Amino acid sequence: MLSDDVLDRMLRNSDPDPGDSATDPNSPTAERILAQVRRRTRKRRRRTLIMAPVVALVVAGATAGTYAWVAGDGKGHTLDSTGLVCVGPDQGDAVVGFDPGADDPVAVCRQQWPGMFGQPVPDALTACVDSSLQGSIKVYPGGKDQCARHRADPYLGPTREQLGLSRLRADLREHFTDRTCIPHPELRKVIGELYARHGLDGWKAAHFQTADKEPEGPCADIGFIDEPERVIWLGDHKDGTPVNWP
Amino acid sequence: MNADERSERLEQLFRQTFRRVMAYCLRRASEAAAHDAVAEVYAVAWRKRRQLPVDDEEAVLWLLGIARRVLANQARSQRRWARLLMRVAERAEPDTPPAADPYGAEEAGDGLAAALAQASDADRELLRLAYWDDLSRSDIATVLGISVGAVDTRLHRARQRLRQRLATANPHQDPSKEKDHAER
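Fair warning: this is a prediction, and the values are worked out from it, not measured in the lab.

(A) Quick peek at the interface of chain B and chain A. At the interface, 61 residues of chain B touch 59 residues of chain A. Where chain B abuts chain A, roughly 5400 Å² becomes buried across the two surfaces, and 60% of that area is made up of carbon and sulfur atoms. Here chain B is connected to chain A by nine salt bridges. Between Asp 4 of chain A and Arg 159 of chain B there is a salt bridge whose closest N-O contact spans 3.0 Å. Inspection of the chain B/chain A interface yields 14 residue pairs in polar contact (both at pLDDT 80 or more). When contributions to the side of chain B that touches chain A are tallied by element, the ones reaching two or more residues are α1 (3-26), α2 (31-47), α3 (56-92), α4 (111-118), α5 (121-132), α6 (137-144), α7 (148-169) and α8 (175-183) of chain B. If one sorts the elements of the side of chain B that touches chain A by residue count, α3 of chain B sits on top with 16 residues. Of the residues belonging to the side of chain B that touches chain A, the class tally is 29 nonpolar, nine polar and 23 charged.

(B) Up close: helix α4 (residues 105-117) of chain A. Residues and elements named next belong to chain A. Roughly 40° is the biggest bend found in α4, and it falls at Gln 111, with proline Pro 114 one to four residues downstream. Within α4, the full set of buried residues consists of Pro 105, Val 106, Val 108, Cys 109, Trp 113 and Phe 117. Those residues of α4 that are buried lie in contact with β3 (83-86), β4 (94-97), β5 (125-129) and β6 (137-141).

Definitions and limits used
Residues numbered from 1 in each chain as written. Chains lettered and ligands numbered in written order. Predicted model: local features only at pLDDT ≥ 70, side-chain atom pairs only at ≥ 80, totals over all residues. Heavy atoms only, no water. Contact = heavy atoms within 4.5 Å. Buried area = accessible area lost by both parts, 1.4 Å probe. Salt bridge = Lys/Arg side-chain N within 4 Å of Asp/Glu carboxyl O. Polar contact = N/O pair within 3.5 Å; in protein donor to acceptor, adjacent residues only side chain to side chain. Helix = DSSP H or I, 4+ residues; strand = E, 2+ residues; numbered from the N terminus. Nonpolar A, V, L, I, M, F, W, Y, C, P; charged D, E, K, R; others polar. Bend = angle between axes of the 7 residues up to and from the residue. Buried < 20%, exposed > 50% of the residue type's maximum accessible area, 1.4 Å probe, protein only.

Written as structure tokens, this is what we have:
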């Protein structure tokens, strides 16, 4: 076994020190990143301004001051509706899996809280939809005022589209139970029918191909559900192995 | 605070802390991913600026805590794409054996890198914070949001597990010798 000193030395020697030039705050790279940060922080303000005329402005009085936020529909327009953030104590946020059609965000965080943060669950938790471009669902410790404090909207439930996708996922699992090889045309056909059944207008299914345009394999599965682009990307599945549904 | 003052404050924070935040991200991600993560860290920090600590050192630790979560989210999305790309690659090159070691550590013959690659995310992050970012126990506790006692215990166990992995991988060889030899 290695001595403490040797192990310490090995660990320190393994540091891939990026060096001074790569971390220079006045370098062209740093300037480019700073410009990017400015764009990102500006974008958020613009979104708020666009929303302002069409939504109610809610003003909340609080002892420490008055918080104002722009209320959207409170339905979490996330890039990926299968995840939510439990905002833990100090720096301890955790991203956890979530089914918008079946789960309650507060219940999900409440159930996993002790395991994730090693602390008892707070008495009150509140689900909000933050005002970032992504609009993540976040669950904060505390009562209803938490959403206003974080310039977010109270979470009011899934959007119609998120609900439709959730049902589509469940239907796919049920339809193809125990199947280990689903031909591409069959999977596309079923997905198409489910789009129609669950009112998912504008959605399509496509084979994820590289630039070489490879032909479809004998078996398909779902590689990725791209919610912003409304595409379900199909991948090639290895025959004989269980299909993992996202 | 008007727009000019906001811009000035953001730039000040950026210049004061960029070196350590960028180094943190570059140690854990590719250059392109690190640049994107750093931009996101400051964008998030700006949104949460009411929570920004007044003390400079505490501000850096607060930003490193944000960076940790940004990189974790980035890795989560990348894993999804990687799964998809792996399937495409399997289809395109059915005879090519899959890469068993995404870090390329074993191929490089580096016992320590291989042992670190096999470690849990929590162990790896703890060891990196201690030995690469050179943070004190109390600073690590702040970044991870845990007690100093928990840092001590977890670090002790992480080192033990790493030592065991190194011993299992090279039962008759001191991995430090390999490094010294390579340096000569």
